[in-house]
Amino acid sequence: MGLREFVSDAWSWLNYKPMMTTASTGLPHRALAPAARPGWLPPEAARRLAAYKILSAYDSNQAGELAVLTGNEAGGERREFGDAAAFVNTTLAHLLGRSQQIVAPGAEHAGDEGPTPEAVAAAEVQQRLREWAEKELLPLRIQAAERKAVLLGDAVYLLAWDPEKERVRLRTLDPGFYFPVLAEDADPGDYPSKVHLAWEIPEDPTRGTKARVRRITYELGPIAAATRSTGSGRRGLVADGSGGWLLEQGDVLHPDAGRIERTYPWAQRPSTITCYLTDAEWELDDLRLGQQLDDLPMEKARVKTRADGEVLDRLDLRIDFLPIVHVSNSVSDGEHFGQSALAPVMQALDELAESDTDSARASATTGAPIIGLAGVRTEVDRVTGRPRPLAVEPGTVFQLGDGGRMDVLDTSAQLAELRARVEEVRERAAVNARLPAVSLGTADPSRVPSGYALQLSLGPLDSLIESMRLARAHKYALLFRFVQRLHQAGQAEGWPAGPTTPVRLAFGPHTPTDRGAVLEEVVRAVGAGVLSLETGVRMLQEAGYPIDDAREEIERIAAGKASGTAPEPVSPRAGSSPASTS
C-alpha cells in the first residue's frame with residue numbers, strides 16, 4: 001500500500017492513527033471533528049481539534065471507545081488503567097511545584113532603610129496583585145489551565161473588567177475554542193492582532209432552537225469615531241468642535257491625517273489603536289459553503305447585547321491589547337501552538353494498553369484454566385440429546401474410567417511474560433517522557449545507592465521542567481501586565497496611572513529538597529558573610545520553609561536582634577565535641 005500523502009505539522013506524531021486522515025476527504029474522522037463539515041471551521045484547525053479529542057480520550061480511558069466510533073471494532077476490548085492520566089498528573093505536579101507566588105523584582109527592598117521609589121512601587125503592586133489573586137482563586141485557575149496545557153499542549157486565559165466587583169475577572173477556556181488569525185508572513189511566535197473564540201451549539205428541539213455557531217471576536221484596529229448613543233457603561237461622547245466627529249472623552253482628533261489618538265493610563269505617548277469586541281451567533285442553515293469563521297456574514301448574525309444595554313458590535317474596550325493569553329506547553333519552534341506532554345509516548349501508550357489486554361486474557365485462563373477430560377461419563381440433556389457441559393468448582397470430583405485422564409492448560413508462564421512486557425513498555429514510556437521512576441513513585445527508595453545518584457536520575461526531569469517553565473515565563477508576565485492595565489482602565493481604587501510594573505510567577509521547587517542541608521548551608525554562608533540575609537531567606541523560602549514574605553521575615557529577624565530576643569547564631573555542629581569539630 002503506497003503512502004498517500006506525507007503530512008508534517010505540530011500534530012504529525014498522530015499520523016500513525018488512521019482516524020487522523022480519512023481517505024475520502026483527507027480530514028480527520030467525523031467522530032473527531034463533527035463541526036468540520038458545516039464549513040465554518042478553518043481547515044487548518046481540523047487536525048488540531050482532532051488531536052485534542054484523541055488526547056482527551058486517552059486521559060479519560062476512552063481511547064478504546066473512540067476507536068470503535070472510528071471503525072475499529074477491536075477497540076472495545078482495549079484495557080486502559082489510567083497510564084496517560086498518571087503521566088499528565090505527574091508532569092503537572094512537577095511543573096507547578098509546591099506553590100506558585102507572584103513576585104515583583106525589587107519588592108523585597110521596600111523595607112530597607114531609605115528604599116527607592118521603584119522598590120516601594122514594586123512592593124505595592126505585588127501586594128495588590130496577591131490580593132487580587134486570592135479573590136480570583138488564581139491557584140485553582142492555574143491548576144485547571146496548566147492541566148489542559150500539559151495534556152493538550154495549549155491553554156487559554158481570558159481577562160475582563162467587572163464593574164460590579166470592581167476587579168478583573170479571570171477565566172480559563174478550552175483551547176478548542178481558540179482560533180487566532182495569524183498572518184501568512186508573520187512569525188508564529190508573534191502576538192496575533194485578531195482572535196476568535198468560537199464553538200458550535202447543537203440544536204435543541206425542546207426549545208425550538210436550531211444548530212448555530214457563536215463567535216466572540218477580539219480585534220485590534222484604528223480608533224474610530226463614536227456612532228452609538230451613550231450607554232450606562234460609557235464615559236460619554238463629546239464633539240471635537242469641527243462638527244464632523246463625535247469623540248469619546250479623552251480622545252483627540254489628529255489635525256493632519258484625520259486619525260483619532262488616545263493616551264492610555266499606562267502609556268506615555270498617545271496611541272491610535274484600540275481593541276474591539278464583537279459577540280454574535282449564526283444559524284448553520286444560513287451559512288453557505290466556503291464561509292469560514294473569519295468571514296461569516298454580519299447581515300445574518302444575531303448580535304449579543306450586554307446587561308447594561310450595550311450592543312456588542314465592535315464595542316471599543318478602550319485598551320490597546322487583546323485580553324487573551326495563550327499558554328503553550330512547549331517552547332515555540334516555528335509553531336504557534338504547543339505540544340502535548342504525551343506526544344513522545346503515544347505509541348508506547350497503545351502498546352501498553354495492548355499488553356494489558358493480553359495480560360488480562362491470560363490471567364483469565366490462568367485463574368480459571370481450560371480442562372480437558374477423557375474417560376468420563378457425562379450426563380445427557382433429555383431435550384437436546386447432547387452432553388451437558390461440566391461445571392468445575394472447588395471440591396468437584398470426576399470419576400474416570402480405565403485409561404481416563406485430565407489435562408489442564410497452564411498459561412502461567414505466558415502471563416508472567418506478559419506482565420514483564422508491561423513493565424518493560426511502561427519503563428520505556430517513562431524514559432521517553434523524561435519522567436524517572438522516582439518521580440512516578442515506582443522506585444524503591446531503599447535501592448537508591450546515594451543522594452548523588454538520585455540527583456543524576458532526576459536530570460531528565462529537571463531539563464523537562466526548565467523547558468516547560470521557560471515557555472510559560474513570558475506568558476504569565478504578560479498576564480499580570482494585562483491585569484494591571486485593566487485595573488487602570490477601569491479606574492479601580494489603588495491602581496494609579498503610570499507604567500506597569502514587571503511581575504513574574506515564581507514556581508516552587510519541583511523535586512524533594514533536603515531542608516536540613518539548605519538550612520545548614522544558609523547559616524554558614526550568612527554567618528561567613530558570603531551571602532546576604534535577603535538571599536538566605538529566599539533560599540529557605542524556596543526550600544519549603546513556611547515563609548510567606550521574605551521582606552517581612554527579614555524585618556522580624558532584625559526586630560528580634562534589636563530587642564535581644566533572637567538566639568545567637570550557632571554552628572550546625574555545635575553539639576559536637578571539640579575533637580570532632582577540629
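Residues numbered from 1 in each chain as written. Predicted model: local features only at pLDDT ≥ 70, side-chain atom pairs only at ≥ 80, totals over all residues. Heavy atoms only, no water.

(A) Representation of the packing of aromatic side chains within the structure. Counting across every chain of the model gives 10 aromatic pairs. With a centroid separation of 6.0 Å and 50° between ring planes, the pair formed by W11 and F337 is classed as tilted. Taken as a pair, W11 in the segment before α1 (43-59) and F337 in the loop between β14 (324-328) and α6 (346-367) lie far apart in primary sequence, 326 residues in all. Since its relative accessible area comes to 14%, F337 is described here as buried. Here a set of aromatic residues connected by ring pairs shows up, and it is made of Y191, Y264, W266, F321 and F482. The ring of F179 is capped by R48, whose NZ or CZ atom sits 5.4 Å from the centre of that ring. If you follow R128 out to its NZ or CZ, it ends over the ring of W495, 4.7 Å from the centre. (Phe/Tyr/Trp six-rings, centres within 6.5 Å; stacked < 30°, edge-to-face > 60°. Helix = DSSP H or I, 4+ residues; strand = E, 2+ residues; numbered from the N terminus. Buried < 20%, exposed > 50% of the residue type's maximum accessible area, 1.4 Å probe, protein only. Lys NZ or Arg CZ within 6 Å of the ring centre and 35° of its normal.)

(B) Structural context of the sheet that holds β14. Pairing in this open sheet of 3 strands is antiparallel, and the strands run β3-β2-β14 from one edge to the other. Each edge of the sheet is formed by a strand with only one pairing partner; in this case those strands are β3 (167-173) and β14. Geometrically, the sheet is characterised by an average inter-axis angle of 20° between neighbouring strands, direction not taken into account. Here strand β2 (residues 154-162) runs beside β3; their pairing, made up of 7 bridges, is antiparallel. Residue A160 lies in a different strand from β3, and its bridge partner there is R169. Contacting β2, β3 and β14, helix α5 (residues 138-152) runs over the sheet at an angle of about 150° to β2. (Pairing = 2+ DSSP bridges. Axes fitted to C-alpha atoms, helices over the stretch in contact; angles between N-to-C directions. Contact = heavy atoms within 4.5 Å.)

(C) Helix α12 (residues 533-542), seen in detail. For α12, the complete set of buried residues consists of G536, V537, L540 and Q541. Buried residues of α12, seen end-on, are gathered within an arc of 140° and therefore sit on one face of the element. (Arc of directions from axis to C-beta.)

(D) Local environment of the pairing of strand β6 (residues 212-222). Both strand β5 (residues 194-201) and β6 contribute to a ladder of 8 bridges, which runs antiparallel. Each residue of the ladder has a partner; that of V195, found in β6, is Y218. Where β6 meets strand β11 (residues 273-283), 11 bridges bridge the pair, whose relative direction is antiparallel. Each bridged residue has a counterpart across the sheet, and for R215 the counterpart in β11 is A280.

(E) Region of the structure containing the environment of E219. Along the chain, the position of E219 falls in strand β6. A C-alpha to C-alpha distance of 9.0 Å links E219 and P192, two positions 27 residues apart in sequence.

(F) Examining the layout of surface pockets more closely. As a volume, the largest pocket reaches approximately 1600 Å³. If you trace the largest pocket, you find 46 residues lining it, with A160, W161, P163, R306 and L317 closest to the centre. No other element matches the 5 residues that β2 contributes to the lining of the largest pocket. By residue class, the composition of the lining of the largest pocket is 23 nonpolar, 8 polar and 15 charged. (1 Å grid on protein atoms, 1.4 Å probe; cavity = no way out; pocket = protein on both sides within 12 Å on 5 of 7 lines; lining within 4 Å. Points joined across faces, edges and corners; volume = space filled by probe spheres on them. Nonpolar A, V, L, I, M, F, W, Y, C, P; charged D, E, K, R; others polar.)

(G) Focus on the packing of α6 against helix α7 (residues 412-432). In the contact formed by α6 and α7, the axes pass within 9 Å of each other and the chain directions differ by 160°. By the angle between their directions, the pair α6 and α7 is classed as roughly antiparallel. Like other packed secondary-structure pairs, α6 and α7 cross with a definite hand, here left-handed. Touching A348, E351, L352, S355, D356, D358, S359, A362, S363 and T366 of α6 are S412, L415, L418, R419, R421, V422, V425, R426 and A429, all from α7. Looking at the contact of α6 with α7, its residues break down into 8 nonpolar, 5 polar and 6 charged. (Parallel < 35°, antiparallel > 145°, perpendicular 65-115°, else oblique. Left-handed = near helix turned anticlockwise from the far one by under 90°.)

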